[in-house]
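Chain residues, written in single-letter form:
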Amino acid sequence: VDAGGCSGFQYKFELEQKDCSDGDEDDEPAIDPEDDVVIESSLSDGSLSNVTVVIDEGSLEYIKGSTVDFVREMIRSSFAIVENPQSESACGCGSSFAVKNFTANPALD
C-alpha cells in the first residue's frame, strides 16, 4: 500500500516469477524478516500452487482482513484486493481506497 491514488491510498502489486530452471538461488527477492509478512498459498481452483505473497508490515495494517483475488475481465486480468474492512470507500477502478478513521491512520510517506 502506498500513499496516493484518487482516494488517498493505492494498492501496489509487484509480480516476480521464481525461475528454478538455472538452479541459481542468488536471484531471490530480498525479504526482510523484520518488516515483511510471508504467506504461502495456492489458488482454490487448483490452477496454481505454491504461491508466495509478501506484504510489508506497514501495509498489512491497511489491508488486514481483506482478500487477495485474481480478477479476469474483458479488458484486463489482475490481482485485486477485495472486501477490505479497513476501507470506507474506493475509486471506480478499485486500485485506490480511503481508510476508515483516517485521523487515527494517517498516510506515512
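Residues numbered from 1 in each chain as written. Predicted model: local features only at pLDDT ≥ 70, side-chain atom pairs only at ≥ 80, totals over all residues. Heavy atoms only, no water.

Would you mind going over the nonpolar core with me for this structure?
In summary, soluble globular proteins display a tendency toward joint burial of nonpolar side chains. One finds Phe 9, Tyr 11, Ile 55, Tyr 62, Ile 63, Ile 81, Phe 97 and Val 99 forming the largest nonpolar core, which totals 8 residues. Contributions of two or more residues to this core are made by α1 (57-63) and β8 (96-99). Other than its neighbours up to four places away in sequence, Phe 97 contacts Val 1, Ser 7, Gly 8, Phe 9, Gln 10, Tyr 11, Tyr 62, Asn 84, Ser 87, Ser 89 and Ala 90. (Core = buried A, V, L, I, M, F, W, Y, C linked by side-chain atoms within 4.5 Å. Buried < 20%, exposed > 50% of the residue type's maximum accessible area, 1.4 Å probe, protein only. Helix = DSSP H or I, 4+ residues; strand = E, 2+ residues; numbered from the N terminus. Contact = heavy atoms within 4.5 Å.)

Just to check I follow, could you spell out the pattern of salt bridges for this structure?
A side chain of one charge can pair with a side chain of the opposite charge if their charged atoms are brought near each other. Applying the stated criterion across every chain yields a total of 3 salt bridges. The partner of Lys 64 in a salt bridge is Glu 61, with the nearest N and O atoms 3.3 Å apart. Where salt bridges share partners, they join Asp 2, Lys 12 and Glu 14 into one cluster. (Salt bridge = Lys/Arg side-chain N within 4 Å of Asp/Glu carboxyl O.)

Sorry, what's going on with the side chain of Asn 84 here?
Relative to the elements of secondary structure, Asn 84 occurs in the loop between β6 (77-82) and β7 (87-90). Within the structure, Asn 84 has its side chain in polar contact with the side chain of Tyr 11 (distance 3.0 Å). At 3.1 Å, the side chain of Asn 84 and the backbone oxygen of Tyr 62 are in polar contact. Not counting residues up to four positions away in its chain, the partners in contact with Asn 84 are Tyr 11, Tyr 62, Ile 63, Ser 66 and Phe 97. (Polar contact = N/O pair within 3.5 Å; in protein donor to acceptor, adjacent residues only side chain to side chain.)

How should a negative patch on the surface be read in this particular structure?
A grouping of Asp 32, Glu 34, Asp 35, Asp 56 and Glu 57 is seen on the molecular surface, where their side chains present a negatively charged patch. You can see Asp 56 is positioned in strand β4 (residues 51-56). Using a relative accessible area of 31% as the deciding quantity, one classes Asp 56 as partly exposed. (Patch = residues over 30% accessible without salt bridge, like charges linked within 9 Å, V, L, I, M, F, W, Y side chains within 5 Å. Areas by Shrake-Rupley, 256 points an atom, 1.4 Å probe, with all protein chains shown as cover. Lys, Arg positive; Asp, Glu negative; His and termini not counted. Charge placed at Lys NZ, Arg CZ, Asp CG, Glu CD.)

What am I meant to see in the packing of aromatic side chains here?
When we look at a pair of aromatic rings, we describe it by the centre distance and by the angle of the planes. As enumerated under the stated definition, the model contains 3 aromatic pairs in all. With a centroid separation of 5.0 Å and 70 degrees between ring planes, the pair formed by Phe 70 and Phe 79 is classed as edge-to-face. Given the relative accessible area of 29%, Phe 70 is considered partly exposed. These aromatic residues form a ring-pair network of at least three members: Phe 13, Phe 70 and Phe 79. (Phe/Tyr/Trp six-rings, centres within 6.5 Å; stacked < 30°, edge-to-face > 60°.)

Help me understand the confidence of the model for the protein, please; the structure alone is not making it clear to me.
In low-pLDDT segments, the atomic positions of the prediction should not be examined closely. Of all residues in the protein, 74% attain a pLDDT of 70 or more, and the chain-wide mean is 75. α1 holds the highest mean pLDDT among the elements of the protein, 86, whereas β8 holds the lowest, 73. (pLDDT = per-residue confidence, 0-100.)

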